Amino acid sequence: MVLVYSDNKKITIEILSKASEIAKEQKKKVTAVIIGKPDENLAKEYISYGAEEVFIAETELESFKSEEYSDILASIVKETGTETILIGSNKNGKELSARLGGKLNAGCVVDSNNIYIKNNKLMAERVVYSGNAIAVEQFNSTPAIITVPSKAFDSLKKDDSRKGEITKKKIESEKSKSKILKAHEMKSEGTNVEDAEIIVSCGRGFKDKGDIKLVQELADILKGKTVGCSRPLAADLKWLSEEHWIGLSGHKVKPKLYIAAGISGQIQHIAGMRDSGIIVAINKDPEALIFRSADYGIVGDLYEVLPKLTDAVKAKMG
Amino acid sequence: MNIIVCAKQVIDVSEMKVDANTKKPILQGVPQKISDIDKNAMEEAIKIKDKHGGKITVLTIGPADAKERIKEILAMGADEGILVTAPDNIDYFMTATLLAEAIKKIGEYDMILCGEASIDLFSGQIGPRLAGLLNIPQITYALNVTAEKDKVTAERNMGDMAVTTEATYPALITVTKEINEPRLPSLMQILGAANKPINEWTADSLKSGLKPLVETVELKGVSMERKNIVYQNDIDESIGKLVDSLAKEGVIGR
Ligand SMILES: Cc1cc2nc3c(=O)[nH]c(=O)nc-3n(C[C@H](O)[C@H](O)[C@H](O)COP(=O)(O)OP(=O)(O)OC[C@H]3O[C@@H](n4cnc5c(N)ncnc54)[C@H](O)[C@@H]3O)c2cc1C
């Protein structure tokens, strides 16, 4: 059986398409798992996107804890003899998968965007060394756990005529010794760099928080409207929220056009934007690393270049 | 408070070169260091020890030359080092199993601190895997940690959620890079570290016959072909050329 789980519906639906492909080759069934309240509508939706079975693990648990969720998944895996486990690669999903791997002594590969079967072995590829290489990982045993980031695979076309079985079962989990005291959504301004077509990013080359308006103005003129930033601006200076942070430990983006101003181009930043269409760099240091990762670059002071570039783009776009 | 810090020796990714023909990374000869975020874990351990007293043990699974790196952590303030020498083709299952066995051998502990991920492969598996094997609570992605006598609390960055979690001891915590600024040891501390014990255990003595469940069968190169057209001269002229190029590329325009 190929098991699919994520607390994020969109990722679950995307993974279901890959799961169907793997299941066909392994001559197994695709089962989507829902943990929590029995949501039959959600189960039906998963079926319409390719799940052949939906297993609803009914629990009284109020919130997500890896300790308890991994316990539930471990019981399901053992009970059903699941061989392949695909889990959504958000932070919950990653810590859940790794703990599940520990509990089941199962191999686990996180953040894979290419999964296939070769010589009867399950293979998963992932980016390593800050984007310098792709590791091809081969599973030597089952169960095998793989986490899949959002947008790695296209979902199947929704088809309401697909049939599937819905199983509901109460599953007890071991009570965790941890307690969630508080959980709230991070304040969101609705910025979504991952979906943006054009991003203008700023880095430590900016002297003051107020100067970020220079990138915002260019982004607006480009009709991209999306501002990104390097780690220090979000993590250390907190001039921008997490939503804007691009890189290895931030968001991975692939816009058509990525403009980096006052960003040095350290490998951890490049790791988040290397798949962009066209990359433009503005930096006053001609030796800056960012120029090596850029299609076009302007050596100059961003305080002079950005306003002029904004005007020139405005003129060009009419 | 007995604290175990797990630290990994990694290659310095920013010093890595790529073969011009095959585009494959060249792993030989790259300088080695302790993974950055593991130093944040160590810094946090020192702060907790300063408050509650106790002992900090740094635990590394790695090649024999990792001993030199462990000395850096001892210089920061760890009391004792343990190096479990392990084969090259080790996977997360083996690493976590060896860590768990080593920790059982160490005996009593209250807290295990790890980095959220190592900077070479950035999987973030070891902390949660280890917690699963030891069957203790895990607090991941900590932005700050408050250790009290009988419980520990941390604020965590879970992406779109900010979560505050509390656990009793023993507990495993993985920290983010934002949690603190790791100290640079003084010359005195570096010299002093030479006298601190580093025990070497072999993987086989902890658990024999371990085989990887996941094998890296190939490292493929990634081509980063970019045009690298850089305008250096007159700013106005440069901007004119850039805007024309972008229009031709079809990325700006109506
Ligand atoms: C484990 C780990 C994870 C990390 N994750 C990330 C990540 O996800 N994202 C990320 O971005 N970083 C990440 N980093 C940090 C990364 O290594 C760099 O430190 C960071 O990207 C540097 O940010 P920066 O380019 O804004 O600043 P700097 O490196 O300080 O660069 C500033 C640049 O601005 C230029 N400049 C200054 N003034 C001007 C001016 N007036 N006009 C034009 N140019 C000017 C300078 O020449 C310089 O090139 C990570 C590091 C580690 C160790």
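Residues numbered from 1 in each chain as written. Chains lettered and ligands numbered in written order. Predicted model: local features only at pLDDT ≥ 70, side-chain atom pairs only at ≥ 80, totals over all residues. Heavy atoms only, no water.

A. Representation of the site of the ligand in the model. Around the ligand lies a shell of 29 residues, among which A:Arg204, A:Ser230, A:Ser249, A:Ser264 and A:Gln268 are the nearest. More than one chain approaches the ligand, the contributing ones being chains A and B. Interatomic distance of 2.8 Å between a backbone N/O atom of A:Leu302 and a nitrogen atom of the ligand. Against a free-state accessible area of 990 Å², the protein chains account for coverage of 84% of the ligand. (Near = heavy atom within 4 Å. Polar contact = N/O pair within 3.5 Å; in protein donor to acceptor, adjacent residues only side chain to side chain. Areas by Shrake-Rupley, 256 points an atom, 1.4 Å probe, with all protein chains shown as cover.)

B. Seen up close, the domain arrangement of chain B. What the domain assignment reports for chain B is domain 1 (2-206) and domain 2 (224-254). Placing the centre of domain 1 of chain B and that of domain 2 of chain B at their C-alpha centroids yields a distance of 45 Å. (Domains from an automatic or database assignment.)

C. Summary view of empty space enclosed by the protein. As enumerated under the stated definition, the model contains one cavity of 30 Å³ or more in all. Considering only enclosed or pocket space, the largest cavity measures out at about 40 Å³ in volume. Around the largest cavity, the lining residues are A:Lys94, A:Glu95, B:Glu116, B:Gly124, B:Pro128, B:Thr140, B:Tyr141 and B:Thr174. Looking at the lining of the largest cavity, the elements that each hand over two or more residues are helix H4 (91-104) of chain A together with strand S9 (138-147) of chain B. Broken down by class, the residue content of the lining of the largest cavity amounts to two nonpolar, three polar and three charged. (1 Å grid on protein atoms, 1.4 Å probe; cavity = no way out; pocket = protein on both sides within 12 Å on 5 of 7 lines; lining within 4 Å. Points joined across faces, edges and corners; volume = space filled by probe spheres on them. Helix = DSSP H or I, 4+ residues; strand = E, 2+ residues; numbered from the N terminus. Nonpolar A, V, L, I, M, F, W, Y, C, P; charged D, E, K, R; others polar.)

D. Region of interest: the packing of helix H1 (residues 36-52) of chain B against helix H2 (residues 66-76) of chain B. All names here are of chain B. Orientation of H1 relative to H2, taken along the N-to-C sense of each, is 30 degrees, at an axis distance of 10 Å. By the criterion of interaxial angle, the relationship of H1 to H2 is roughly parallel. For H1 against H2, the interelement crossing comes out right-handed. Contacts between H1 and H2 involve Lys-39, Met-42, Glu-43 and Ile-46 on the former and, on the latter, Glu-72, Ile-73 and Met-76. Tallied by class, residues from the contact of H1 with H2 come to four nonpolar, no polar and three charged. (Axes fitted to C-alpha atoms, helices over the stretch in contact; angles between N-to-C directions. Parallel < 35°, antiparallel > 145°, perpendicular 65-115°, else oblique. Left-handed = near helix turned anticlockwise from the far one by under 90°. Contact = heavy atoms within 4.5 Å.)

E. The arrangement of the side chain of B:Asp91 in detail. Residue and element names in this part refer to chain B. Its location among the elements puts Asp-91 in the loop between strand S7 (80-85) and helix H3 (92-106). Polar contacts involving the side chain of Asp-91 include one to the main-chain amide nitrogen of Leu-213, which spans 2.7 Å. Not counting residues within four places of it along the chain, the set of residues in contact with Asp-91 comprises Pro-212, Leu-213 and Val-214.

F. Main features of the nonpolar core. Ranked by size, the top nonpolar core spans 53 residues in total, and within it B:Met111, B:Leu113 and B:Ile173 carry the most contacts. Those residues in contact with B:Ile173 that lie beyond four places of it in its chain are B:Met111, B:Ile112, B:Leu113, B:Cys114, B:Ile139, B:Ala142, B:Val145 and B:Val152. A:Leu222, A:Trp239, A:Ala261 and A:Val305 belong to the second-largest nonpolar core, a separate cluster that totals 41 residues. (Core = buried A, V, L, I, M, F, W, Y, C linked by side-chain atoms within 4.5 Å. Buried < 20%, exposed > 50% of the residue type's maximum accessible area, 1.4 Å probe, protein only.)

G. The interface of chain A and chain B, seen in detail. The partner chain B presents 75 residues to the 83 residues of chain A that form the contact. When residues of chain A are sorted by the area they lose upon contact with chain B, A:Lys91, A:Tyr129 and A:Tyr296 head the list and together hold 11% of the total. At the junction of chain A and chain B, the tally comes to seven salt bridges. The salt bridge partner of A:Asp295 is B:Arg226, with a shortest N-O separation of 2.8 Å. Where chain A packs against chain B, one counts 47 residue pairs in polar contact (both at pLDDT 80 or more). A per-element tally of the side of chain A that touches chain B places H4(A) first, with nine residues. Partitioned by chemical class, the residues of the side of chain A that touches chain B number 39 nonpolar, 20 polar and 24 charged. Pairing of strand S11 (residues 178-185) of chain A with strand S11 (residues 161-168) of chain B involves seven bridges; the strand directions are antiparallel. Within S11(B), the position partnered with A:Glu185 by the bridge is B:Met161. (Buried area = accessible area lost by both parts, 1.4 Å probe. Salt bridge = Lys/Arg side-chain N within 4 Å of Asp/Glu carboxyl O. Pairing = 2+ DSSP bridges.)

H. A look at a nonpolar patch on the surface. Among the surface-exposed residues, B:Leu187, B:Ile190 and B:Leu191 lie close enough to one another that they form a single nonpolar patch of about 320 Å² accessible area. By relative accessible area, B:Leu191 is classed as exposed at 53%. (Patch = residues over 30% accessible without salt bridge, like charges linked within 9 Å, V, L, I, M, F, W, Y side chains within 5 Å.)

I. Local environment of the sheet that holds strand S15 (residues 229-231) of chain B. Reading across the sheet, the six strands line up as S13(A)-S12(A)-S14(A)-S15(A)-S16(A)-S15(B) and stay open at both edges, with parallel pairing between neighbours. The outermost strands of the open sheet, each flanked by one partner alone, are strand S13 (226-229) of chain A together with S15 of chain B. For this sheet, the mean angle separating the axes of adjacent strands, direction not counted, is 20 degrees. Along the sheet, helix H5 (residues 213-221) of chain A makes contact with strand S12 (198-202), S13 and strand S14 (257-261) of chain A, crossing S12(A) at roughly 170 degrees. Helix H7 (residues 235-249) of chain B contacts S14, strand S15 (278-283) and strand S16 (296-299) of chain A together with S15 of chain B of the sheet and is inclined by roughly 165 degrees relative to S16(A).

J. Highlighting the sheet that holds strand S9 (residues 144-148) of chain A. All names here are of chain A. With parallel pairing, the seven strands of this open sheet are ordered in space as S5-S9-S4-S1-S2-S3-S10. If you trace the sheet from one side to the other, it starts and ends with strand S5 (107-109) and strand S10 (165-170), each paired once. Each neighbouring strand pair of the sheet contributes to a mean axis angle of 20 degrees, computed without reference to strand direction. Relative to strand S4 (residues 84-88), strand S1 (residues 2-5) runs parallel, the two being bridged by four bridges. In the sheet register, Leu-3 faces S4, and the bridge partner there is Ile-85.

K. Representation of the packing of helix H8 (residues 302-317) of chain A against H7(B) in the model. Two elements in contact, H8(A) and H7(B), have axes separated by 10 Å at closest approach and are oriented at 45 degrees. With respect to H7(B), the element H8(A) is oriented oblique. The element H8(A) and its partner H7(B) pack so that their crossing is right-handed. Two secondary-structure elements touch here, H8(A) through A:Glu304, A:Val305, A:Lys308, A:Leu309, A:Ala312, A:Val313 and A:Lys316 and H7(B) through B:Ile235, B:Asp236, B:Ile239, B:Leu242, B:Val243, B:Asp244 and B:Ala247. In terms of residue class, the contact of H8(A) with H7(B) is made up of nine nonpolar, no polar and five charged.

L. The pairing of strand S6 (residues 114-118) of chain A, seen in detail. All names here are of chain A. The two faces of S6 differ: Ile-115 and Ile-117 on one face are buried, but Asn-114, Tyr-116 and Lys-118 on the other face are not. Taken together, the five bridges between S6 and strand S7 (residues 121-128) define a ladder with antiparallel strand orientation. Across the sheet, the residue bridging to Asn-114 is Glu-125, located in S7. Here S6 hands over to S7 after two residues, with Asn-119 in that stretch at a positive phi of 50 degrees.

M. Structural detail: the domain arrangement of chain A. Residue and element names in this part refer to chain A. Once the domains are mapped, chain A shows domain 1 (2-170) and domain 2 (198-317). In total, domain 1 and domain 2 occlude about 360 Å² of area from one another, counting both sides; carbon and sulfur atoms represent 47% of this. Looking at the side of domain 1 facing domain 2, the largest losses of area belong to Ser-130, Gly-131 and Asn-132, adding up to 90% of the total buried there. Our enumeration of links across domain 1 and domain 2 arrives at zero salt bridges. Between the two partners, domain 1 and domain 2, sit one residue pair in polar contact (both at pLDDT 80 or more). Within the side of domain 1 that touches domain 2, the residues separate by chemical class into one nonpolar, three polar and no charged.

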